[in-house]
Amino acid sequence: MSSDTSSAQAIGSVEGVSLYDADNPAPYIEAPRKRTGKTPRSTRGNFEMAAWLFMRLSGIVLVVLVIGHLLIQLVLDGGVSKVGFAFVAGRWASPFWQVWDLLMLWLAMLHGANGLRTVINDYAERANTRLWLKGLLYTATVFTILLGTLVIFTFDPNIR
Amino acid sequence: MPAGTLYRGREGMWSWVAHRVTGVLIFFFLFVHVLDTALVRVSPEAYDDVVATYKTPIVALLEYGLVAAILFHALNGLRVIAVDFWSKGPRYQKQMLWSVVGIWIVLMAGAVYPVLGHAYRVLFGE
């Protein structure tokens, strides 16, 4: 095999004479899928990347919020035995714990809903099944987030 | 089962399975938990009644399982973040998984008395 490819020698006898040379170059062919002025704007956003990032950022915050919540409710001061209406009233008297619980509610629900969305996308093979399962998931998620938010904001220690 | 694969049947796959299973369980509990807490808007008695079931021995055992699921999901989630963002994360993913399992066992041993102590006293007296 000759390593001389600098001239028309590279063209074998079978191919015949090249149509192109330095003065008459071959037409330029665009790289496949290259975006040009004529390409329609992408209809896809960066939703999946944002969801991926959200899982990691909310996850770090939730580790602190949820493990703190478990310590307070299940470990400290006699564990679950002290939990009751009076205990809830005592904690939600402080804006700090209201914000803690509100943030935990929103982040955990959205983190869990996005996780279950991934699970549905993975295992529900028919498009219709995916549609209905995700419809159910989003309905339940919105309902639960709104209910929880309402409870935290409208809590009344003197309900009786 | 094909032998010699990096992922199938090994630490990477099983930690993924466990992360998924614990995540779904925690999410379903979260729905129930927001609903039971919403009873504080009904009446103190309604809330205290449902919380009383959380103090029974059988539900205490379920709570211990919930703590187990949450702690694994939290620790393995931090491992996933390290694999994604730390340049040496993928290389040490196995060592990090065994660290997760080790810390999880220690924390679960520490949670036995606080979470199940009340149920023990209900069942066997003071």
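Chain A is annotated in an unreviewed UniProt entry as Succinate dehydrogenase from Streptomyces katrae. Under Subcellular location (unreviewed entry), UniProt gives the following word-for-word description of chain A: "Membrane".

(A) Seen up close, a nonpolar patch on the surface. On the surface, Met49, Trp52, Leu53 and Leu57 of chain A together with Phe85 of chain B cluster together into a nonpolar patch covering about 500 Å² of accessible area. Looking at the nonpolar patch element by element, the count peaks at four residues for helix H1 (residues 47-75) of chain A. By the secondary structure assignment, Phe85 of chain B is in helix H3 (residues 57-85). Judged by its relative accessible area of 49%, Phe85 of chain B falls in the partly exposed class.

(B) Representation of the side chain of Gln73 of chain A within the structure. All names here are of chain A. With respect to the helices and strands, Gln73 occurs in helix H1. Judged by relative accessible area, which is 14%, Gln73 ranks as buried. Apart from residues no more than four positions distant in its own chain, Gln73 is found in contact with Gly79, Val80, Lys82, Val83, Phe87 and Arg91.

The rules behind the values
Going along each chain's sequence as written, the residues are numbered from 1 onward. Here every chain gets a letter starting at A, and every ligand a number starting at 1, in the order they are written. Under the rules for a predicted model, residues below a pLDDT of 70 receive no local features and side-chain atom pairs below 80 are neither given nor counted, while totals for whole chains, interfaces and linings still include all residues. Each side-chain value is derived from all of the structure's non-hydrogen atoms; neither hydrogens nor water enter the calculation. UniProt positions are given in the numbering used here, feature names are shortened, and annotations may be inferred rather than shown by experiment. Surface patches are defined over residues having more than 30% relative accessible area and no salt bridge, joining like charges when they lie within 9 Å and nonpolar side chains (Val, Leu, Ile, Met, Phe, Trp, Tyr) when within 5 Å. Where accessible areas are quoted, they stem from the Shrake-Rupley method and a 1.4 Å probe; at the residue level, only the protein chains shown are allowed to cover. Each reported salt bridge corresponds to a side-chain nitrogen of Lys or Arg within 4 Å of a carboxyl oxygen of Asp or Glu. A run of H or I in DSSP counts as a helix once it spans at least four residues, and a run of E counts as a strand once it spans at least two, with each numbered from the N terminus. Each residue's exposure class comes from its accessible area (1.4 Å probe, protein chains only) as a fraction of the maximum for that residue type: buried when under 20%, exposed when over 50%, partly exposed otherwise. Contacts: residue pairs with any heavy atoms within 4.5 Å of one another.

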